[in-house]
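Residue strings, one per chain:
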Amino acid sequence: MTTRQDDHADRGPVASLASSAATQPHWDGLARGELLIPRCESCGEFFFYPREVCPSCAGRDISFRQAAGTGTVVAASTARVALNAWPAEDVPYTAVLVRLEEGVIIPGRLAQVAEGPIVGAPVEVSFAANAESELPRWKLT
Amino acid sequence: MSREARIVGIGETALGSFPDRTAVELQGEAIIGALEDAGLQCRDVDGLFVLGPYSQPSIMFGLTIAEYLGVHPVLEAGIDAGGTVSMLTMLVQAVRAIEAGDCKVVVCAFGENAATGRLSGAHGWTSSDRVEFEEPYGVVGTVIPYALLTSAYMSRFGTKPEDLGAIAISARGHASRNANALRKKPMDLDAYLGSRMIAEPLRLLDCSSIVDGAGALVLARADLAAELPRRQIRLAGTAVRTTHRNVGQFPGFDELQLEQLGRSALEQAGAVLSDVDVALIHDAFTISTVVYLEGLGFCERGGVGEYARAGKLDLGSDCPVNTHGGLLSQGHVGGVLHFVEAVRQLRGEAGDSQVEGARLAMVAGGGGIFGVNGVAVMERA
């Protein structure tokens, strides 16, 4: 492939977050408003994050499937101050780990600031109209 | 027998803000201090394990330290296993190098300007970290990842803010007895609960104290150690398990297998948990102490608050925890001072913080966001 920098320049900010060709389909999917997660064609396991080899069986035949987009909060934290390198303009915001219906855990951010503990709450993914430049958020359902 | 390894020296710099000193100078001071404590000199060193500063990326740091001290080890390496496990791994490798006959005197050290030397824009550790699937959502640094797992732990085991506070209060109490502790002002539950929220559910007083400083340990072959002045200490058992690097890959608290790690390390020492006289627990955040104490079986899951409020962490109990004040209140030097304190306790040299008759110490902890965990059992040789 051509240099990644060039690709990124063409693809917009969300697609440019990929660090390698192996992770690019996930970010390209988000930029189109689709939550794509990798699945190993050898053992059939979903996994996250995307990589060249399956962490369950070391298989290298990896496909991307569209996730249902629903899951459960397994961890949540609301940033209340802007420490070094935290995104100050976003504070307060609620970071979450979400267990998808497909079984894998994916990091993300809640659409709103959580009021109180939300571990165990069901959530669904929500894309902005300009998904190519704005990351998805998780909404409490 | 003669090839067995003994811990023969410890070194610890003053902890504080030293913007006009480098990590090399701080580690150099700790190493020379440890060698002097052992009755050895730089020219005796033939093995060197170090870890370069997290606050500033560094390469070939073992060479840097060897050059700075003018030593010529036959074996030197930087070891970056993570957190307390970095020093644990250095000690294990030092023991192996001595047992194999490669080395006679091995130095292990870590230290940095964590408070004053951090590069602008750096995260909890170095700016070279790029966490592709976390950073874009604001899952950055160390506090937020730890806060995420704190929320999961509290939800599962019923841990309350007051329980986290009890950990912080005990550590502060111990630090008040330690002349080389950063935070000695007494703390009560109101002060803890009133401290500002950083990343829910973690408050400021759940976080360790970032500090400049360094620590070092020296190991020597048993026949040499017998000629040296200090009471010899033995690394009697160790166990390590790795699970993940990124918080998003956290496999669940059961998967850390802390109870098995503790049992394995103790078995190697021919001991059981109730034999432990003093425990030094990695406490980057209060939740760390909770996870390790409950996971290792010092108390039941969800029971640490009651355990702490009953004084079980404090000096005078059967097994005091973090008698030096820990990372929370003494200061965060990557866990190396947990090992230094264990040696001090086993030698009977801990002064106001001495655990009467301490013969067996456990150092337990991890690195990353509970991604690598290890247990070391140390005893008088």
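To be clear, the structure that these remarks concern was listed above.
Residues numbered from 1 in each chain as written. Chains lettered and ligands numbered in written order. Predicted model: local features only at pLDDT ≥ 70, side-chain atom pairs only at ≥ 80, totals over all residues. Heavy atoms only, no water.

(A) Spatial organisation of the pattern of salt bridges. All chains considered together, the criterion is met by 19 salt bridges over all chains. Among the salt bridges present, the one from B:Glu200 reaches A:Arg80, with a minimum N-O distance of 2.6 Å. Taken together, the residues B:Glu200 in the loop between β5 (197-199) and β6 (202-203) and A:Arg80 in the loop between β3 (70-79) and β4 (93-100) connect one chain to another. Put simply, B:Asp37, B:Arg230, B:Arg347 and B:Glu349 are held in one network by salt bridges that share partners. (Salt bridge = Lys/Arg side-chain N within 4 Å of Asp/Glu carboxyl O. Helix = DSSP H or I, 4+ residues; strand = E, 2+ residues; numbered from the N terminus.)

(B) Layout of the interface of chain B and chain A. Chain B puts 33 residues into the contact, and the matching count from chain A is 36 residues. Regarding the contact of chain B and chain A, the summed buried area is about 2700 Å², with carbon and sulfur atoms giving 60% of it. Among the residues chain B hides against chain A, the three largest losses belong to B:Phe133, B:Tyr137 and B:Glu200. Together they make up 29% of the total. Counting across the chain B and chain A interface gives one salt bridge. Here chain B is connected to chain A by 13 residue pairs in polar contact (both at pLDDT 80 or more). Looking at the side of chain B that touches chain A, the elements with two or more residues in it are α4 (143-157) and β5 of chain B. Counting residues per element, the side of chain B that touches chain A draws most heavily on α4(B), at eight residues. When its residues are assigned to classes, the side of chain B that touches chain A shows 19 nonpolar, eight polar and six charged. (Contact = heavy atoms within 4.5 Å. Buried area = accessible area lost by both parts, 1.4 Å probe. Polar contact = N/O pair within 3.5 Å; in protein donor to acceptor, adjacent residues only side chain to side chain. Nonpolar A, V, L, I, M, F, W, Y, C, P; charged D, E, K, R; others polar.)

(C) Highlighting the side chain of B:Ser208. Residues and elements named next belong to chain B. Looking at where serine 208 falls in the secondary structure, it is placed in the loop between β6 and β7 (212-221). Residue serine 208 is classed as buried on the basis of its relative accessible area, which comes to 13%. Once residues within four sequence positions are removed from consideration, serine 208 is found in contact with Asp283, Ala284, Leu327, Leu328 and His332. (Buried < 20%, exposed > 50% of the residue type's maximum accessible area, 1.4 Å probe, protein only.)

(D) Structural view of the pairing of strand β6 (residues 122-126) of chain A. All names here are of chain A. Where β3 and β6 come together, three bridges link them in antiparallel fashion. Within β6, the position partnered with threonine 72 by the bridge is proline 122. Relative to strand β7 (residues 137-140), β6 runs antiparallel, the two sharing four bridges. Its bridge partner lying in β7, glutamate 124 is registered against lysine 139. (Pairing = 2+ DSSP bridges.)

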